[in-house]
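Overview (structure and organization)
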Amino acid sequence: QVQLVESGGGLVRAGGSLRLSCAASGITLRLIGIGWYRQAPGKQRELVASINNGGSIYYADSVKGRFTISRDNAKNTVYLQMNNLKPEETAVYSCNARNSQEIIIGWGQGTQVTVSS
């Protein structure tokens, strides 16, 4: 059973940076894709960035040039480096895992990111 644990959230001022981690267990990271999502209060969950098992990367337009997703297969962990954060990016950030058929096989519990103005 896939388990995902996010960490690295916190409070940061606008313009600051955070690095989120999504640690996977129960499966080899190189076999799955990982997506980072965020959900602000009263808003729909949105995909922020993803990396698939082949290494292809996607970024939402709103974060291109500021966020970087990366994968460390040795640590079975995917990272999301977030720079120049904005107050409107305050949300719970969660990661999910997808198999090679793009079927979701697990979600993490989420980590809160709060960006103050």
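One can find the structure itself at the top, above this paragraph.
A brief structural summary. (Residues numbered from 1 in each chain as written. Predicted model: local features only at pLDDT ≥ 70, side-chain atom pairs only at ≥ 80, totals over all residues. Heavy atoms only, no water.)

Structural notes on the side chain of Glu89
This is how the line gets drawn: Going along the chain from the N terminus, every DSSP run of H or I of four or more residues is numbered as a helix, and every run of E of two or more is numbered as a strand. Here, two residues are considered to be in contact whenever any of their heavy atoms come within 4.5 Å of each other.
Relative to the elements of secondary structure, Glu89 occurs in the loop between strand 8 (77-82) and strand 9 (91-98). With sequence-adjacent residues up to four places away left out, Glu89 is seen in contact with Arg38, Ser62, Val63, Arg66, Phe67, Asn84 and Val113.

Comments concerning the sheet that holds strand 3 (residues 18-25)
Selection rule: Strands pair, by our definition, only if DSSP identifies at least two bridges between them. Helix axes use the C-alpha atoms of the stretch in contact, all axes being lines fitted to C-alpha atoms, and the angles between their N-to-C directions lie in the range 0 to 180 degrees.
Here four strands make up an open sheet; going across it, the order is 1-3-8-7 and the pairing antiparallel. Strands with a single pairing partner mark the edges of an open sheet, and in this sheet they are strand 1 (3-7) and strand 7 (67-72). Neighbour-to-neighbour, the strand axes of this sheet turn through a mean angle of 15 degrees, independent of strand direction. Across six bridges, strand 3 lies against strand 8 in antiparallel orientation. Across the sheet, the residue bridging to Leu18 is Met82, located in strand 8.

Focus: the pattern of salt bridges
Note the cut-off: Only one rule defines a salt bridge in this text: a Lys or Arg side-chain nitrogen within 4 Å of an Asp or Glu carboxyl oxygen. Residue burial is assigned from relative accessible area. The probe radius is 1.4 Å, only protein chains are included, and a residue is buried under 20% of its type maximum, exposed over 50%, and partly exposed in between.
Throughout the structure, instances matching the rule amount to four salt bridges. Among the salt bridges present, the one from Asp61 reaches Lys64, with a minimum N-O distance of 3.1 Å. Overall, the relative accessible area of 64% leaves Asp61 in the exposed class. The structure contains a network of salt bridges with shared partners spanning Arg38, Glu46, Arg66 and Glu89.

On their own, these measurements won't tell you what the molecule is for.
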